[in-house]
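# Residue-level structure breakdown
The primary structure of each chain is shown beneath.
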Amino acid sequence: MTKSLHKLALGVAAAALMAPSAWAEDSAEPIVIPTHNWSSQVVMAYVIGGIFESLGDNVEYVPADTQAVYEAIRIGDVTISHEVWQSTFGASFYNAMAKGGLIDAGTHSAATLEEMGVPQYVIDDNLCPGLPNWEALKDCPEVFATADSEGKGRWLEGPQSWHGDLMPTRLAALGLGDKYVVKFAGGADAIWAELASAKKEGRGIITFNWTPNFTDAEGFVFIEFPPYKDGCRVADGGDGSCGSPKGWLKKAANYKFPKTHPAAYSAFAKMSFSSTDIGQMAALVDIDKMSHQDAATKWLADHEDVWKPFTQ
Amino acid sequence: MSLDRETAPRQPVIKCSSVYKIFGDNANRMLREANGNVDAKAFQDAGCVVGVNNASFEVHKGEMLVVMGLSGSGKSTLLRCISRLTETTSGDIHIDGEDLLAMSNRQLIELRRNKMGMVFQSFALLPHKTVLENIAFPLQVKGMSTKDSMTRAMEMVELVSLDGRQNYFPRQLSGGQQQRVGIARSLAVEPDIWFLDEPFSALDPLIRKEMQDEFLRLQGVLHKTILFVTHDFSEALRLADRIAIMKDGIIEQLDTPANIVLKPATEYVRKFTEEVPREKVLKIKSVMDPLDNTEEFSDLKVSQNAIIETVAESVLSEKKAVAVVDDNGNVVGSIHASNMLYILFGKDDTTKVGG
Amino acid sequence: MGYLKKHPRLAQFTLLLIAFFLLVAVVTPSETNVLWRLPSLLAPLPGEINAFAEHLMFDWFPVQVYDSELKEYEQSALLREVTRGFSRSVLFLIEFIREILVGGVKTIVAFTGWQFIRENPWAMWPALPWTVVISGAMILGYTLSGRGLALLAGLALAYISIFGQWHPAMETLSFVLVAAPISIFLGLILGVSAYKSRVVAATLKPLLNIAQTMPHFSYLVPVTVFFGVGDHAGAIATIIFATPPMIRLTLLGLQNVPVEVVEAGMMCGSSDRQILLKVLVPTARRDILIGVNQVIMQCLAMAVIASFIGAKGLGFNLLLALNQLRIGQALELGICIVLIAVVLDKLSLAWANKQTDYFADLSFVERNKHSLLFLAVFAICVVLAFLGSVIFKGGINYLYLIPHNKGITTEWFWQAGVDWMIDSWYSSLQGFNRGLIVNVLQPMKNAYLGMPVSATFLLVMGVGYIVGGIRSALIVGGFLLFIALTEWWDRALITMYMASFAVIVSVTIGLIVGSVAAQNSLASKVALLVCDTLQTFPSFIYLIPVIMLFGVTDTSVLIAVIIYATIPATRYTIEGIRSVPPSLREAGMMSGATGLQRWISIDLPLAFPHIMLGVNQTVIFALFMVIIGAMIGTDDLGQYILKALSDKQGIGNGLMLGLCVAFIGLAVDHLIHTWAAERKALLGLT
């Protein structure tokens, strides 16, 4: 209480002294950046934190659940989110925005795709001839069968919280319903574990994945479904027989952020990382086994040309 | 007897009049309706249990009253009424002339801190404290400094011969040793009134005997006013100045050990006395004749605390009366060989007893 | 028939089963048939709970709050400001302890402001060199207990430091050092008030039951909404989780204090407060210390889950490592969590058992020799740390702080182990996996889903009636009715199917392992130690290798559940059999019983009530883990609880789903408790 009173007094004095320019400088209060449990996101958090710090801002990192974070941004406990994936977090993002308190801070240039796909070796070993065209799936469900799929092929989808019944309806719409079943994994970890295990055995596997991601380095091929058109999904009134659109990767911020930290917000709004940038950040950790902080420091040092322009 | 000499003008240390303790939800109403005429059976049918039924007695300074009864007889309840661990349903209890039942919580705490000590059947030691800390506990509760209380506690440790074990925890001691701690703790504040609730019942017979001796030794030095509860009749006989025998909450008989043994008042009391070899439990004190200065004594002197059996043979071999002496060697009475014969072989109703 | 007459219970059960199968056969599956599925009358409830919570949080009792950053007044709600104030104070405590250990600026900020830091870059609290913390812990261990504890504390912390987990471990420690004392304190206070007041006890009982059976995931969303995200939110969730066992054990301990001890205290002239603080609580210490132990275990068991809502430290790093499939690193982090738990547990125990020597006439130096020693060590270590900054180049001062992941690591070893396991076991396990799924799990799941709701009620309430009469039947029926009226009945059936399969296997394993271990006191000790370790070891770690072997299938979930749920089954079996009076076992041996006969006719029946409590715990552990199994991939209540984290009405859904799980647990709990109590009375083991 005393602290805020003290600040109040200070604030009034300051406002009286230099009324017009009061907004020019960023507040010293820290900008709270969430960290989630995947490498590129954590490295990018430290990268963005580093950029903010170069502007003289204070930064704080807080681990947060990938879905619950949007509510936290809305309420103001977290300031920004820098990796809002369309298909996985779109729902939470828009829910929070509808309630008020969260703003859209622009889109990264990275072209993202979130889609079912197979590891590179499935193509190389010709486990299912004709892939990545989806039609090829009709002839080789047994390649993707698992212990609990009753002889059908299995699609390993993310948790239901990501896109609900999107994949089951797509299976049905494409006429694959009697040859394939959808299994919802509990989270990304489960998908990576299955992928790693399948790779050791050279087994066929169809799983939900996205790019840019660390799997890009080892090779991952997305299945080519009939192209996405507006309104082709069941939710939008279509029959669902289409693939995923090229997705966006957005940034979100608390509504006060532009007012409290105008300089930092301006940089954040300009920030746009490409697939290459994100891939590099992830690789430093996943391939080179650096710690996340070290990776961010290295990336910032090596790529001033990319991030300096954001700050101007 | 000692009683006769000490009582008359003094006020009793403990005075109970018509004390009732009834357990149950509507105990008060039941008691009012019973109009002082409590029938345990009728109360039980109404969901009440009679703990103490119309107990009235006095205990005088330096006297040891032993309350004897089987389990469920109400003896422990009576003790708890007098220590006010349970609230009495009706009646009056005075401690040193003060109305115990009217005392506020604070007065009661003061009374317990300064005047009362109590020993429990299950020892009731604090498991987390060492011997020393347990004994010092009542002193610290009073607010005595750590240093003083520890010094005093150490004296008590020596008094009950536990030196060398003061840093043991209760769980590391035998039953007898634990009860010594219990005794030391109850005596630490130098109370005037000493309550003992079956203190030796949980001990082995040999240890029990040893502890009784120890207890008598202590009482010989301390002269406390004692209320002692036991279910062991021979223990009562060994220790008591007077015995109160309880059954179903009622005091069946309250008298000296000798009178209890020799003149049981009720059938219930008689059953206890039947099996008791009186020469093995009675002391000379309880059968001696009052002091008659005209009498000529033999050279033999016997202690008033000697058990009859141990001196019977030598008394019988004397022609003259034998002088009975107290601990300091003063002659306090006499005993004749003829009288001794009565005690050993005579019938109850013809026995002449002292006191 | 004669046999049935002799065993009326058996007859009742037979009748019940016949009626159950009749209903299963007769009732037709149709959404409109109330005998098949009840209408989801409670479906609007989560929305209402949500609206209510949000109203409380954002609209109720509006207040104007001055935003010093924006320099304007803003509307907020009273409750929100209150909970945020509470959050800030918890966070301050955590940051304060954290910065003592690893340094930082937050504590200075709390007294000045961020602007001060910006203007005074020197204003930063330095970390304690890790050598100081280790020496401090060793001296503390030595003071409290002796050489053994000093060695344990030293080795454990050295492990943490050398393996490069110092920083996250100290972050976790700082949040445990706040959450655990608060839980212990709250537990003591509530336990004592429950002991003193029957009203409090009656109010607390159902709350405790629910708090202990509700999966932690389900209250993460409410906690974030009310308290925000960050270390404080993690600590608050942990406190909610860790306090109930403390309350329960405090109450139990107080109720077990012998009357005579209290009387002795009163006869010593203790005031009411002295009775409570000097007699009751210390005498109940055995149970209270078990409570403290439970709190510490629960706090560290929450280390991972708390990181979902912002707790920094080992838990978060562990999730990151798992996401990269770095099992070895996750394992090392998991070991750090276990080590912290063990050291804290032993230190708190030693502190509680500390003895004072009153007669040692000591000089100032002797009395304070440990503090003086610490000061000396502190000075030496600080000097060493300064020297270190000269010696070590490259910005890393190994004598000050070993940075995260710059220590040595055995990761490659574990990684190779996991690789070897998959290479050599995968194909041979596929047959087993497929057989289990096709022949056991799927038929079982379909059987559960094929039960008409009326048959389920008949069966559960019937068992309730047989075990505990009409009262029990109504209680378990009530629990079930709540679930049946939500939209998640089918999900709950799947949860029940997984939990019951896991419980059957866990209890079987637990009974066998426990019985074998109980034959020998050394084996018992070892087995109990393993149980303790597994209980704090974060279960998330074994999820990954299990998925690699068995895929995203129910088998994986069940294996993870069984590993966890076997802990209480084993523990209680050992404790139960070890507490069978030796005279009875000797009697058995003297009448010529073989080991097996003795086990069947003496050990098991006499240990039965205790073992049943173990089964009860097994059910609760299994339910917890089935919910965590949602991280592998399930379609039960757990998946929906996870989903609630992103739902629009997350608070309502999370809480309602949590209650569904809690009610399954409470129904089983009620049946087992009633039954065990009756058996106990029959055996005269009150």
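Residues numbered from 1 in each chain as written. Chains lettered and ligands numbered in written order. Predicted model: local features only at pLDDT ≥ 70, side-chain atom pairs only at ≥ 80, totals over all residues. Heavy atoms only, no water.

Turning to the domain arrangement of chain B, a few remarks are in order. Residue and element names in this part refer to chain B. Domain boundaries in chain B define domain 1 (60–82 + 104–115 + 191–276) and domain 2 (281–350). A straight line from the C-alpha centre of domain 1 to that of domain 2 covers 26 Å. Listed per partner, the contact involves 8 residues of domain 1 and 6 residues of domain 2. For the domain 1 face of the interface with domain 2, the top three residues by lost area are Arg238, Ala258 and Leu262, together amounting to 52%. Our enumeration of links across domain 1 and domain 2 arrives at 0 salt bridges. Counting residues per element, the ones that place at least two in the side of domain 1 that touches domain 2 are α10 (233–239) and α11 (257–262). By residue number, the principal contributor to the side of domain 1 that touches domain 2 is α11, which donates 4 residues. When its residues are assigned to classes, the side of domain 1 that touches domain 2 shows 6 nonpolar, no polar and 2 charged. (Domains from an automatic or database assignment. Contact = heavy atoms within 4.5 Å. Buried area = accessible area lost by both parts, 1.4 Å probe. Salt bridge = Lys/Arg side-chain N within 4 Å of Asp/Glu carboxyl O. Helix = DSSP H or I, 4+ residues; strand = E, 2+ residues; numbered from the N terminus. Nonpolar A, V, L, I, M, F, W, Y, C, P; charged D, E, K, R; others polar.)

By contact count, the leading pair among the 2 pairs of chains in contact is chains A and C. Taking C-alpha atoms as the reference, chain A and chain B come no closer than 41 Å and do not contact one another.

Turning to empty space enclosed by the protein, a few remarks are in order. The probe, sized like a water molecule, is rolled over the atoms to show the empty space still left. Going through the model one piece at a time under the given rule, you end up with 6 cavities of 30 Å³ or more. The volume enclosed by the largest cavity comes to roughly 520 Å³. Lining of the largest cavity is provided by 35 residues; of these, A:Asn37, A:Asp65, A:Thr66, A:Gly187 and C:Met631 occupy positions nearest its centre. Mapped by element, the contributors of at least two residues to the lining of the largest cavity are α4 (86–99), α6 (160–163) and α8 (188–201) of chain A together with α17 (314–323), α25 (540–550) and α29 (637–644) of chain C. Split by residue class, the lining of the largest cavity holds 21 nonpolar, 12 polar and 2 charged. (1 Å grid on protein atoms, 1.4 Å probe; cavity = no way out; pocket = protein on both sides within 12 Å on 5 of 7 lines; lining within 4 Å. Points joined across faces, edges and corners; volume = space filled by probe spheres on them.)

Residue and element names in this part refer to chain B. An order of β2-β1-β4-β5 is seen for the 4 strands of this open sheet, with the pairing classed as antiparallel. Two strands in the sheet have a free side with no partner beyond their single neighbour: β2 (49–59) and β5 (98–99). Here strand β1 (residues 14–23) runs beside strand β4 (residues 90–95); their pairing, made up of 5 bridges, is antiparallel. Paired with isoleucine 14 across the strands is isoleucine 95, a residue of β4. The strands touched by helix α4 (residues 75–82) are β1, β2 and β4; relative to β2, the strand with the most contacts, the crossing angle is about 60°. (Pairing = 2+ DSSP bridges. Axes fitted to C-alpha atoms, helices over the stretch in contact; angles between N-to-C directions.)

A few words now on the interface of chain C and chain B. If you look at the interface, chain C gives 22 residues, while chain B gives 33 residues. Taken together, the two surfaces of chain C and chain B that pack against each other cover about 2300 Å², and 64% of this comes from carbon and sulfur. Counting every contact that joins chain C to chain B gives 2 salt bridges. A salt bridge links B:Arg80 to C:Glu263; the nearest nitrogen and oxygen atoms lie 2.5 Å apart. With 7 residues, helix α13 (residues 259–267) of chain C is the single largest residue contributor to the side of chain C that touches chain B. Residue composition of the side of chain C that touches chain B, grouped by class: 9 nonpolar, 8 polar and 5 charged.

Detailed reading of the predicted model is not advised wherever pLDDT is low. Residues and elements named next belong to chain B. For chain B, the mean per-residue pLDDT works out to 85, and 94% of the residues sit at or above 70. The low-confidence segment residues 1–8 (pLDDT under 50) makes 8 contacts with residues lying over four places distant or belonging to another chain. Scored below 50 in pLDDT, residues 349–355 makes 12 contacts in the model with residues more than four places away or belonging to other chains. (pLDDT = per-residue confidence, 0-100.)

This next bit is on the interface of chain C and chain A. Of the residues lining the interface, 67 residues belong to chain C; the matching set on chain A comes to 72 residues. With both sides pooled, the region where chain C packs onto chain A buries about 5900 Å², and carbon together with sulfur makes up 56% of that total. When the shortest N-O distance is used, the salt bridge between A:Asp77 and C:Arg84 registers 2.9 Å. One can count 17 residue pairs in polar contact (both at pLDDT 80 or more) joining chain C with chain A. At 9 residues, the largest contribution of residues to the side of chain C that touches chain A is made by helix α21 (residues 411–449) of chain C. (Polar contact = N/O pair within 3.5 Å; in protein donor to acceptor, adjacent residues only side chain to side chain.)

We now examine the nonpolar core. In this structure, A:Phe52, A:Phe273, C:Phe217 and C:Phe540 are the most contacted members of the largest nonpolar core, which totals 329 residues. Here the element with the most residues in this core is helix α28 (residues 595–628) of chain C; it accounts for 17 residues. Counting residues in hydrophobic clusters, the runner-up holds 65 residues, among them B:Phe123, B:Leu282, B:Met288 and B:Ile308. (Core = buried A, V, L, I, M, F, W, Y, C linked by side-chain atoms within 4.5 Å. Buried < 20%, exposed > 50% of the residue type's maximum accessible area, 1.4 Å probe, protein only.)

On the surface, a cluster of nonpolar side chains totalling about 550 Å² of accessible area is made up of C:Ile380, C:Val383, C:Leu384, C:Leu387, C:Val390 and C:Ile391. Its place among the elements puts C:Leu387 in helix α20 (residues 369–391). (Patch = residues over 30% accessible without salt bridge, like charges linked within 9 Å, V, L, I, M, F, W, Y side chains within 5 Å. Areas by Shrake-Rupley, 256 points an atom, 1.4 Å probe, with all protein chains shown as cover.)

For the rest of this paragraph, the subject is the domain arrangement of chain C. All names here are of chain C. Assigned domains within chain C: domain 1 (61–119), domain 2 (163–354) and domain 3 (421–453 + 488–683). At the junction of the two partners, domain 1 supplies 13 residues and domain 2 supplies 18 residues. For the pair domain 1 and domain 2, the two sides together bury roughly 1400 Å², of which 73% comes from carbon and sulfur. Here the residues of the side of domain 1 that touches domain 2 sort into 9 nonpolar, 2 polar and 2 charged.

Okay, the environment of A:Ala253 next. All names here are of chain A. If you trace the backbone, alanine 253 turns up in strand β11 (residues 249–254). A relative accessible area of 0% places alanine 253 in the buried class. The spacing of alanine 253 and arginine 74 is 179 residues in sequence and 8.1 Å in space, taken between C-alpha atoms.

Here we come to the state of the cysteines. Residues and elements named next belong to chain A. Summed over the entire model, instances satisfying the criterion amount to 2 disulfides over all chains. Here cysteine 128 pairs with cysteine 140 through a disulfide, and the sulfurs are 1.7 Å apart. With cysteine 128 in the loop between α5 (120–124) and β6 (153–157) and cysteine 140 in the loop between α5 and β6, this pair connects stretches of sequence that are 12 residues apart. The burial state of cysteine 128 is the same as that of cysteine 140; both residues are buried. The disulfide partner of cysteine 232 is cysteine 242, and the S-S distance across this bridge is 1.9 Å. (Disulfide = S-S within 2.5 Å.)

All names here are of chain C. α28 packs onto helix α26 (residues 554–578) with a crossing angle of 150° between their chain directions and a minimal axis gap of 7 Å. Judged by the inter-axis angle, α26 sits roughly antiparallel to α28. Our pair here, α26 against α28, has a crossing hand that is right-handed. Tallied by class, residues from the contact of α26 with α28 come to 16 nonpolar, 6 polar and 2 charged. (Parallel < 35°, antiparallel > 145°, perpendicular 65-115°, else oblique. Left-handed = near helix turned anticlockwise from the far one by under 90°.)

Residue and element names in this part refer to chain B. In space, the 6 strands of this open sheet follow the order β6-β7-β8-β3-β9-β10, with mixed pairing throughout. Every interior strand has two partners, whereas the edge strands, β6 (116–119) and β10 (250–255), have only one. The mean angle between the axes of side-by-side strands here comes to 15°, regardless of whether they run parallel or antiparallel. On top of the sheet, helix α12 (residues 267–274) reaches β3 (64–69), β9 (242–247) and β10; it is set at about 120° to β9, its chief contact.

In this section: the pattern of salt bridges. With the rule as written, the count across this model stands at 43 salt bridges over all chains. Close ionic contact of A:Lys99 with A:Glu71 constitutes a salt bridge, the shortest N to O distance being 3.3 Å. Remark: A:Glu71 occurs in helix α3 (residues 69–75) and A:Lys99 occurs in helix α4; sequence separation between them is 28 residues. Among the residues examined, A:Lys99 registers a relative accessible area of 31% and is labelled partly exposed. In this structure, the salt-bridge partner of B:Asp96 is B:Lys115, at a minimum N-O distance of 3.0 Å. Here B:Asp96 is found in the loop between β4 and β5, whereas its partner B:Lys115 is found in the loop between α5 (105–114) and β6, with 19 residues between them in sequence. The class of B:Lys115 is partly exposed, set by a relative accessible area of 22%.

Right, let's get into helix α14 (residues 308–316) of chain B. Residue and element names in this part refer to chain B. For α14, the set of buried residues is Ile308, Val311, Ala312 and Val315. End-on, the buried residues of α14 take up no more than an arc of 135°, which puts them together on one face. Turned more than 90 degrees away from the buried face of α14, the exposed residues are Thr310 and Glu313. Tucked into the core, α14 has its buried residues touching α13 (278–281), β12 (297–303), β13 (321–325), β14 (331–335) and α15 (337–345). (Arc of directions from axis to C-beta.)

Further remarks concern the environment of A:Gly153. All names here are of chain A. As for its position among the elements, glycine 153 is in strand β6. The spacing of glycine 153 and cysteine 232 is 79 residues in sequence and 24 Å in space, taken between C-alpha atoms. Beyond its immediate sequence surroundings of up to four residues, glycine 153 is in contact with Pro141, Phe144, Ala145, Lys179, Tyr180 and Val181.

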